[in-house]
Structures are given as structure tokens and as C-alpha cells.
Amino acid sequence: MIPPSYILTCSPGAYLPEPRVRDILDSIDTRLVIAAAGISARTSLMLNKLANETNKIDLFISEDQQDYTKVLEEALQKVVSLHPAGLTIIIDGRIELSEQLFPAIITEFEDNPECGFAVISQNSIEIPSPCSFVLDMLQKPFYPLFTILRNDLLQSQATILNEDLQFFALPELLLRLSSQTSIKILPPTCLQKTPVDSRRTRKENEQQVMDEENNVLEKYQKLFFERKFKQLSTKELAKTYQFHINQVMELLKKIKEGILESVEDYDRHIFRYCLLALFSGETENARQMMEISFSVVSERPALMRLYKLITLYFPLQPQPVSGPEKVSVIIALFNQGHYLEEAVTSVLRQTWTNWEIIIVNDGSTDNSYEIAKELVKRLNDSRIKLITQENKGMAGSRISGLKESDGDFVVALDSDDMIAPEYFAIAINLINNNSKAAWITPKTLVFGNNNHIAWGEEYSPINAIIGCPAPCSSLIRRKVLDQVGYFRTDLTNREDSELWLRLLEGGWTSITTKKPLFIYRHACQRAGIKTTPNLASKEEITSLHPWWFRRDLNLEMREKAFTAFPTQRFPDWFLNWKNINKLIPLFNDREKFIAAMEELKAAYPPITKPSRWNSDDDDCYLDIREVFFGVGSQTKEN
């Protein structure tokens, strides 16, 4: 029998109960290695006491969950060095095991020398194939409850675990090995009880969990459709593809009849169909299926990750093109250096080659500026420029970048977002064929904390008043910005929403792209952004454009209007429909619309600065509102 080593572990922050440790000690005839992080002081005390009492335990533990990868790596390195030709068995500390587990599994694994590792199936109904295991991991990586690996395979890895990962280090290792060796799926009969996964620790570290999961999945999904998982049976993949084609057809048929029985089944079949379509070279089938799927069910993280990869790596117009028009990309950077390379790389991949990037470090307080300097130096592209300044906020950063640029079109790309390779080529072609269009609105994939499609509808002036009609990364004519001005620096937030209103009032329109060309990261919390900017930003925007909104409302009613939606959107009852119905019908005749707009503005007192929420001292509109509508100041109302 090949000598086995045993590592007892658990995902970061999970509970490691003493009875499980004792059960495993009773089931093995060698020492037990325990690797766990994020454990409580009480659990640490228990494990140390147990190690002293039994003299059969080697501990690699930490109360800091950030140390999870470190302690597991140290444990793996130790057992591999002790038994280079042996086996390593990794056991989830939450499971209950049958008495005959270890000898039976080791024997079954030894009978399959071509397999580099094996896992126990967590599905009590059917044992998945190696192909299904990999597809499951590519959709939603998980910690197998029981894993057995050959140490000679682990020895070949430069570092066994990816040190940049905390929550997905072990799943990433299994995906890496899946592309190098055959896999065996063991039956679940030896598990007496399957535990319920704990979500608490992940919720506390939501942004890091999302970032790690995205990075791991995007890397290995890409390797999969590039056919780097050569150990998987092509015959089995083809069979699986056909099965999911049939399942998707059945799903779509039921949906047409108004039936959607299981969102989980929907996710699984659509995801596998699209991933295997990419593997088979049927890119357009995958793209069309993603478009269909998000028209049916929104907020699907696994599907959005794959849709994002399709958009980034399978351009609609792959050939490089150029022209006299230059695009200036302004990237404001504040404490998000870890995302910057993704944003810059998405510009480097543009099929339209006439562009420049101005990265504006806006007084970052972490190492973002150093990351930016290293990136610019490594890329060594004369089209990329880095400047730094004291913190001026998003609008101030974009204005600084605009002053350093000279493109015919401007794109304000946030440092954590990305654009599709054909964005500039498609946008420039569209805007050059429509003289009334001041900007191109890219249909948008939103991923991260939310996962859906945004800004996919045709431009409507009424909708532009009701809500933000475009993302800040829209491609805009510079000459129009010179006329109406760029983002205001005196707003709390949502400077782009105020700009779109100014463009509307100038009689300008927008064209929305048919395909998604912008990829927007919906972070749990963006650096430098306040948690609830609704009241402040909406009061400021509506005070600068009072003719579109009701100003005859007291503080309480305006607060209801501003908090009705978490996004830049207003309820219908808050709009000034008298003015809207008078002006919007003229919008298609620009001269008449601008003349009517100027006449309307003349009926309102001149406004030079925004009103501040609940502030008597800095409110530009309170006295005017009292004269016009008889509504007193905010302080008096309170």
C-alpha cells in the first residue's frame, strides 16, 4: 500500500469540532496534520490540548483567517517532503466518516494509477463523471469533502497552493490539476453525513470572496475553452454537450409556455451549453444563448462571468482598424490599483488602434500609484501616460486627464471596469453617422455584487430625466464637452447623471449599441464612495435642473422621492410633467427644442451652484423656492 498522510482542514472561518478530530484519529494508524485558519481561541486551545494529549497531531493553525492558504501550504509541503511517493488525503473537518473509509478508498485509488487525484462525490443521487466534476467547479468552485492526491504530482508544482488566494486556494489547485491529470470520482456511500456550508465568513469578506472567485473562474474557464483540459475525454464532452443542448431546448420550450421550474437547473444547463459551445468553436451560439438567457432571468452570477469572457475574448470585429479620430481614455485611480491592469488591458485589446490612455492617480493612500507606475513601465506603450495629484475626487481626476489629452472622443473608464475589444470601432462608426448624437451608450454587463444587463434600451429624453441614461464610460464627442462643460467638481456623487441632463438640454441625443461593449464591476463598496449618496447627490442634481422636477414639495416628500430608488432614478410623481410634456415633443427638431429650452430656463432664477441637502447656509434654491412656491427653508421646516 502507498503510504498515506492525512490533513484535516476546513474552509476559512468554519468550525472544527473536537469529536470529528477524535473520530479521524481513531480511524488512522499514522499522525494527523491539522491545517485551519480563522479558528477561535477556544478551538485553538482545544487542538493544542488534544495534540499534547495524543502525541499524534501536527498543528498548522491560526486565529487569523487570512492565514488559511499559508497554513495549508505549510501542511502540504511537510507531508509531501516526508513521503514524496506517497498519498495525501485532505479531509473536511465537518464531515462524519464511516469506519471502513480509508482502506477502501486508498485501495480503489491505487487500482487506478493513471489518476492524479480523486474526490468523493457530494451528490448522493448519482456519481458525476470527471467531466461533470470539472464543469461544476468551473461554474461554482467548492471544497470537496474528501480529496486524495498523489504526492509526486504535488511535488511538480512550483508552489502547491496559489498564495494570492484565501477562500479558493484548494479549489484552484484541483482545477489546475484537472488540466494535467486524470480524475476519479469516488462514491458518496462512505460519508455518513454531508454538512451544510456556512456563509457567515464569506459575507464578512464579500468583496474579497467575489474577486477571488472571479479571478479563478475566469482563468480556468478560458483555459477550458482554449482546450487546455486535455485529460478530459473528448467523447464524454461531446456527449455532455448534446445532453445540455437537449435540456436547454426543453427549458426554452417550457419558458415560452410560462414555466420555469428551477433557476438552479436553468443556470446549470445554460452555463454548460455555452461553455461547451465555446469549447466546440460555436462562439455565436454561446453569445446568442447568453442574450436569450438574460432576457429571461437576470441576476445570475455564474452566467454573467461567462458572458463577460465571451465579450472580452471573442470580439465581433477581430481585425484591427484605425482612422483619423483619436479616443482619449481617462482612468481615474483611487485605491484600486489591484484592478487597474484589467482596465488598461481592455483598452490595449481595442481593434481601433488610434487611442491614448491618461491614468490619473487621485491621491491614492495605498500602493495603487506604485502599481500604476510598474504597469506603465512594463507595458512601455507611448500611448499610455500616468499623472498624479492630490485627491480631487472623481470629477476632478477626469478633468485633469481631459486637460492632458487631445482625442476627438473621450471615454471616462473607471479603474475597475473594462471595455469590449470592438467598443471604439463600433462606437466611432455609429457616432460618425449621426450628427445629433453627442455620445454612444454602450450596452453594459454588470457583474460582481449584482449581475445583469444595463443601459440596453434606445435613448429616450424622458427616460434621461427619470434616471441615468448611460454609464460614465460612454464615448463622447470632445467638441460637445467643450460646449456644455465636463463633469462638475462641486457634486457629492453621480456627476455623469448631471452631465447627461446638460446634454439633453443642449438638444443632443445618444445611440445605444446592440451588443454589450462595457463591463461594469458592481463592487460591494467602491473606494472613496459614501454608502448612501442618494439624498445629497439627488438634491444637488435636481437643484441644478429644477425645471424637470417638482420644487413645491417639503423636505419629507423630497426625501421620499430621493430614497425611492437606490440608483439615480426618480419616481414619476416627482417629475414636472407640465414642462416635460411641453418640451419633449420638440426634441426631434433641435432648433425649436433649444429655443423652447432657453425660454423655459429664463423663467427660473439663475443657478450657479447646487443646493446642499438639509443645509440652510449652502442652499442656492431655498429662498427662491419659498418665493415661488411658498415652501419654507429646510431648517424652518424642521
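Residues numbered from 1 in each chain as written. Predicted model: local features only at pLDDT ≥ 70, side-chain atom pairs only at ≥ 80, totals over all residues. Heavy atoms only, no water.

### Let's talk about the overall build of the chain
Which entries qualify depends on this criterion: Each helix is a run of H or I in the DSSP string that is no shorter than four residues. Each strand is a run of E no shorter than two, and both are numbered from the N terminus. Each residue's exposure class comes from its accessible area (1.4 Å probe, protein chains only) as a fraction of the maximum for that residue type: buried when under 20%, exposed when over 50%, partly exposed otherwise. Whether two residues are in contact is decided by their heavy atoms: any pair within 4.5 Å suffices.
If you tally the helices and strands in the chain, you get 26 helices and 18 strands. Its C-alpha atoms give the chain principal-axis dimensions of roughly 90 × 55 × 55 Å. Residues classed as buried in the chain amount to 56% of the 638 residues present. The contacts in the chain between residues at least 6 apart in sequence include a share of 79% that link residues at least 24 apart.

### Digging into the pairing of strand β6 (residues 115-120)
Applicable threshold: A pair of strands is considered paired only if DSSP assigns at least 2 bridges between the two.
The element β6 is largely enclosed, with a buried count of six among its six residues. Sheet topology places β6 next to strand β8 (residues 182-186); five bridges connect them, and they run parallel. Within β8, the position partnered with A118 by the bridge is K184.

### Overview of the nonpolar core
This is how it is decided: Take the buried residues of types Ala, Val, Leu, Ile, Met, Phe, Trp, Tyr and Cys, join any two whose side-chain atoms come within 4.5 Å, and each joined set is a nonpolar core.
I7, F133 and F224 are the most contacted members of the largest nonpolar core, which totals 76 residues. Here the element with the most residues in this core is helix α11 (residues 263-279); it accounts for 10 residues. Once you skip the residues sitting within four places of it in the chain, I7 turns out to touch V33, A35, L72, A75, L76, V79, T88, I89, I90 and I91. Of all hydrophobic cores here, the second largest spans 48 residues; its members include A438, A464, I465 and W613.

### Focus: empty space enclosed by the protein
The condition that has to hold: A cavity, in this analysis, means grid points on a 1 Å lattice covering only the protein atoms where a 1.4 Å probe fits yet has no way out; a pocket is instead an open set bounded by protein on both sides within 12 Å along at least five of seven lines, and a residue lines either one if it has an atom within 4 Å of a point. Grid points are joined across faces, edges and corners, and a volume is the space filled by probe spheres set on the points.
Summed over the entire model, instances satisfying the criterion amount to three cavities of 30 Å³ or more. There is about 60 Å³ of room inside the largest cavity. If you trace the largest cavity, you find it lined by A464, I465, I466, G467, C468, P469, S497, L501, I541, Q568 and F570. Looking at the lining of the largest cavity, the elements with two or more residues in it are α18 (461-466) and α20 (495-505). When residues in the lining of the largest cavity are grouped by element, the largest group, three residues, is from α18.

### Comments concerning the packing of helix α12 (residues 283-296) against helix α13 (residues 301-313)
Filter applied, for reference: Structural elements are reduced to axes, namely lines fitted to C-alpha atoms, with helices fitted over the stretch in contact, and the angle between N-to-C directions of any two is expressed from 0 to 180 degrees. For classification purposes, angles smaller than 35 degrees are called roughly parallel, those larger than 145 roughly antiparallel, those between 65 and 115 roughly perpendicular, and all remaining angles oblique. A crossing counts as left-handed when the near helix is turned anticlockwise from the far one by less than a right angle, and as right-handed when that turn is clockwise. Classes in brief: Ala, Val, Leu, Ile, Met, Phe, Trp, Tyr, Cys and Pro nonpolar; Asp, Glu, Lys and Arg charged; the others, Gly included, polar.
For the pair α12 and α13, interaxial distance at closest approach is 10 Å and the crossing angle is 140°. Put simply, α12 runs oblique to α13. By crossing handedness, the relation of α12 to α13 is classed as left-handed. Where α12 approaches α13, its residues A286, R287, M290, E291, S293 and F294 are matched on the opposing element by L303, M304, L306, Y307 and I310. Among the residues forming the contact of α12 with α13, the class breakdown is eight nonpolar, one polar and two charged.

### What about the packing of aromatic side chains?
When we look at a pair of aromatic rings, we describe it by the centre distance and by the angle of the planes. This is how the line gets drawn: Side-chain rings of Phe, Tyr and Trp (the six-membered ring for Trp) are treated as a pair once their centres are within 6.5 Å; stacked means planes under 30 degrees apart, edge-to-face means over 60, and tilted covers the remaining angles. The criterion for a charge sitting over a ring is simple: Lys NZ or Arg CZ within 6 Å of the ring centre, and within 35 degrees of the ring normal.
Taken as a whole and assessed by the stated rule, the structure comprises 23 aromatic pairs. Summarising the aromatic geometry, the rings of F294 and Y307 are spaced 5.9 Å apart at their centres and angled 25° between planes, so their arrangement reads as stacked. Of this pair, F294 sits in helix α12 while Y307 sits in helix α13, placing them 13 residues apart in sequence. Note on F294: relative accessible area 10%, which makes it buried. Centroid distance Y486 to F487: 4.6 Å. Interplanar angle 25°. Geometry classified as stacked. Considered together, Y486 and F487 belong to a single accessibility category, that of buried residues. Counting every residue linked through ring pairs, the aromatic cluster contains F549, F562, F570, W573, F574 and W613. Its guanidinium or amino end placed over the ring of F279, R227 lies 4.5 Å from that ring's centre, counting from NZ or CZ. One cation-aromatic arrangement involves R383 over W355; the distance from NZ or CZ to the ring centre is 3.7 Å.

### Some details on the packing of helix α10 (residues 234-256) against α11
The geometry of α10 relative to α11 is characterised by a closest axis approach of 9 Å and an angle of 135° between their N-to-C directions. Between α10 and α11, the crossing angle belongs to the class labelled oblique. Here the hand of the crossing between α10 and α11 comes out left-handed. Residues L237, T240, Y241, F243, H244, I245, Q247, V248, L251 and I255 of α10 lie in contact with α11, whose contacting residues are D265, Y266, R268, H269, I270, R272, Y273, L276, A277 and F279. Taken together, the residues of the contact of α10 with α11 break down into 13 nonpolar, four polar and three charged.

### Points about the side chain of D496
The condition is simple: For the purpose of counting charges, residues Lys and Arg are taken to be positive, whereas Asp and Glu are taken to be negative. His and the chain ends are not included. Salt bridges are defined by distance alone: a side-chain nitrogen of Lys or Arg within 4 Å of a carboxyl oxygen of Asp or Glu.
Here D496 shows up in helix α20. Of the side chains bearing the opposite charge, R398 lies closest to the buried D496, which forms no salt bridge; the N-O distance is 5.7 Å. Apart from the residues within four sequence positions on either side, D496 is in contact with C468, A470, P471, C472 and F487.

### Looking at the state of the cysteines
As a reminder, the rule being used: Only a pair of cysteine sulfur atoms within 2.5 Å qualifies as a disulfide here.
What the rule picks out here adds up to zero disulfides. Between C131, a free cysteine, and C115, which holds the nearest cysteine sulfur, the sulfur-to-sulfur gap is 15 Å. With no disulfide partner, C472 has as its closest neighbouring cysteine sulfur the one in C468, 8.6 Å distant.

### Overview of the sheet that holds strand β2 (residues 32-37)
Ordered by their spatial adjacency, seven strands build an open sheet running β3-β2-β1-β4-β7-β6-β8, and the pairing between neighbours is mixed. Each edge of the sheet is formed by a strand with only one pairing partner; in this case those strands are β3 (57-62) and β8. Averaged over all adjacent pairs, the angle separating strand axes in this sheet is 20°, with direction ignored. Pairing of strand β4 (residues 87-92) with strand β7 (residues 146-150), which is carried by five bridges, proceeds in the antiparallel orientation.

### Focus on the pairing of β3
Bridge count between β2 and β3: six bridges; the pairing is parallel. Looking at the pairing, I34 lines up with L59 of β3.

### Regarding the environment of M289
Mapped onto the elements, M289 comes out in helix α12. Judged by relative accessible area, M289 falls into the buried class, the value being 5%. Taking the C-alpha atoms as reference, M289 lies 24 Å from I511; in sequence the two are 222 residues apart. For M289, the residues in contact, after removing those within four places along its chain, are V248, M249, L252, I270, Y273 and C274.

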